[in-house]
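Chain and residue survey
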Amino acid sequence: MTEGSLSGKHNIDERFQALLNNSSAARAVSQLVEGTIGPKGLDTMLVDSFGDVAISNDGATILEMVEIRHPAARMIVNAARAQKDEVGDGTTTATILAGALVAEGVDQVLRGVPVTRIIEGIQTGIQAAQQLLVRAARPITSVYDQRLEDIARVAGRGHSDLAALVLEGARLVGEPLLLDRDYRFAEAVVAHEHADHRVFKGLVLNKEPVNREMPRWVENATILVVDDALEPEELAREAMKSEAGFTYYLQAREQYERNLQKICQLGVKVVVVDRALDDIAEQIFSENGVLALHRVSSREIERLCRHTGARKIKRSSLNRDVEVIRDNLGFAQRVEVEEKFHHTCIYAGQGQPWATLLVGAATEEVVDEVERMARDAAASVQAALREGVVPGGGAIEVWMAVSLEELARGLEGMHSYGVLAVKEALLKPFTCMAANAGFNPLEKLGDVTAAQKRQASDQISFDSDTGNLIDVMEKGIIDPVKVKMHALQAAGEVATAILRINTVIQMKDEELKPSRQDILE
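Because the structure is predicted, anything quoted here is derived from the model rather than measured.

As for the packing of aromatic side chains
Within the structure shown, the criterion is met by five aromatic pairs. Ring centres of Tyr183 and Trp354 lie 5.1 Å apart, and the angle between their planes is 85°; this geometry places the pair in the edge-to-face category. Here Trp354 lies in the loop between strand E9 (343-349) and strand E10 (355-361) and Tyr183 lies in the loop between helix H9 (175-178) and strand E3 (189-193), a separation of 171 residues in the sequence. For the residue pair Tyr183 and Trp354, the accessibility class agrees, reading buried in each case. Residues Phe200 and Tyr347 carry aromatic rings whose centres are separated by 4.8 Å and whose planes lie at 50° to one another, so their mutual orientation is tilted. Residue Phe200 is located in strand E4 (residues 198-205), and its partner Tyr347 is located in strand E9; the two are separated by 147 residues in the primary sequence. Grouping residues by exposure puts Phe200 and Tyr347 together as buried.

Structure representation (structure tokens):
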């Protein structure tokens, strides 16, 4: 090898070092979850420095638990987290797509295609793929549509019992709430060790009564929600030293006790407090058989108000007329404390319909995984009802990849290589599923592509047990459009962001940065 060739190789390495480094990091992140995708995907065991174990095949969970320091790799982890937060499912697909997009883009750059053209092509390819998804979508018009059960089962890793539980909960909630953009059905899932799977109309507050003298259950419960601390008004220490100040304190304390008695006289049976509840309130409520919960999270209070029809009031509002307070009360048919699980159940409120899906398993590690599967299933059912479904099992990705290849052939300019990068990335989840099922990925890809072209159908893929070609829609293997759409968007955004990085520079440590005073001096 000549000196000139060595110099040229060195220049190439220097020029593309950041791209190559980022591509390797993206590929490494993708490989963490590739073995979990598909019905034959396996679990990953994660062990921390103390020997504690977590078992999961959920992409977002694995990526959150693994220590990742490379900045490009962390960008992909953030994309997976965004997928989880927005849709609730599809994190593994989003991660694999992002890793493949970066790798394919860098390969094209190393062949001489300018980065800017690759980025333009990726953006064109992502937009085209999303349009194909919209055209391929099959609408779901009812919560009783049989395809929702298939959606829940696929997202729940084949667990029919979880799928049935999710469907029962969805029907209890009803379509209007599931279509509400502010409602997240996945948050209805609650998990505990040794709990039996069940669904009920109501919600769970992760608190027990303030003391054991309070009732463990209440029928026909009138509920007061205090979005404040329940204690006498505080005075500054200096004010307490004066006679006038001390007199005011005594009057405020007397008024506070009258307000507590007023609550009991109104027939309130359950009091839920956002912050602390003092000893005076605890004693009065215990004597009057009122079930009181304090330090309840704001999110749980919001759900409680929506389900029971209660309206939050401040501590000062208790000084107002009885009728004003009564107008803010909520109602539930029953409130029951479940000491085994250290929570309180609110059943059949008079407000918005609400459902809770209680799931359980024998050990803490398995409980966490069952909870994730149930939440994925619930999120997928809600997503399917909102925006429809497409064929699963990798069928729609193969169909879109063929269409993108045809699109790239018709484009002029080098940005067509970016479209081809999207096409190759779309095939990556399919090939991973085939490999996880024990088949030759290239052979299965060729068989499925040929069958789809021959039958002019986007519903053809392979059976993960036998390897035979099947119509995935007939077999109930379907995915929500929203999961696919957001995974494409998240992968495209993070891949283009990584490809734009030309240089990586270590920032100066904060303590070494000169202060404004140092600069002025």
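Having seen it, we continue.
Focus: the environment of Ile460
Turning to its location among the elements, Ile460 is positioned in strand E12 (residues 460-462). Residues Ile460 and Val226, spaced 234 residues apart in sequence, show a C-alpha to C-alpha distance of 56 Å. Excluding anything up to four places from it in sequence, Ile460 contacts Ala395, Val448, Ala451, Gln452, Gln455, Leu469, Ile470 and Asp471.

Concerning the packing of helix H5 (residues 91-110) against helix H6 (residues 115-136)
Two numbers describe how H5 lies on H6: the axes approach to 9 Å, and their chain directions differ by 140°. Here H6 runs oblique to H5, going by the angle between their axes. The crossing of H5 and H6 is right-handed. Residue-level contacts link Leu101, Gly105, Gln108 and Val109 of H5 to Val115, Ile118, Ile122 and Ile126 of H6. Split into classes, the residues belonging to the contact of H5 with H6 amount to six nonpolar, two polar and no charged.

Things to note about helix H18 (residues 441-455)
A rise of 1.5 Å per residue sets the reference length of H18, with its 15 residues, at 21 Å; its end C-alpha atoms lie 21 Å apart and thus fit the reference within 8%. Considered for burial, the residues of H18 that qualify are Lys444, Leu445, Val448, Thr449, Ala451 and Gln452. Projection of H18 onto a plane perpendicular to its axis shows the buried side chains occupying an angular sector of 165°, all on one side. Among the exposed residues of H18, those pointing more than 90 degrees away from its buried face are Leu442, Lys453 and Arg454. The inward-facing, buried residues of H18 contact helix H16 (395-409), helix H17 (416-436), E12 and strand E13 (469-471). Taken from the residues just after H18, Ala456 is the one with a positive phi, measuring 50°.

Here's the deal with the pattern of salt bridges
The full count for this structure, using the stated rule, is 29 salt bridges. A salt bridge links Arg198 to Glu338; the nearest nitrogen and oxygen atoms lie 2.6 Å apart. One end of the pair, Arg198, is in strand E4; the other, Glu338, is in strand E8 (residues 330-338), with 140 residues separating them in the sequence. A relative accessible area of 13% means that Glu338 is categorised as buried. Salt bridges here are not isolated pairs; linked through shared partners, they connect Arg184, Glu187, Arg299 and Arg303.

Criteria and cut-off values
- Residues numbered from 1 in each chain as written.
- Predicted model: local features only at pLDDT ≥ 70, side-chain atom pairs only at ≥ 80, totals over all residues.
- Heavy atoms only, no water.
- Phe/Tyr/Trp six-rings, centres within 6.5 Å; stacked < 30°, edge-to-face > 60°.
- Helix = DSSP H or I, 4+ residues; strand = E, 2+ residues; numbered from the N terminus.
- Buried < 20%, exposed > 50% of the residue type's maximum accessible area, 1.4 Å probe, protein only.
- Contact = heavy atoms within 4.5 Å.
- Axes fitted to C-alpha atoms, helices over the stretch in contact; angles between N-to-C directions.
- Parallel < 35°, antiparallel > 145°, perpendicular 65-115°, else oblique.
- Left-handed = near helix turned anticlockwise from the far one by under 90°.
- Nonpolar A, V, L, I, M, F, W, Y, C, P; charged D, E, K, R; others polar.
- Expected span 1.5 Å × (residues − 1).
- Arc of directions from axis to C-beta.
- Salt bridge = Lys/Arg side-chain N within 4 Å of Asp/Glu carboxyl O.

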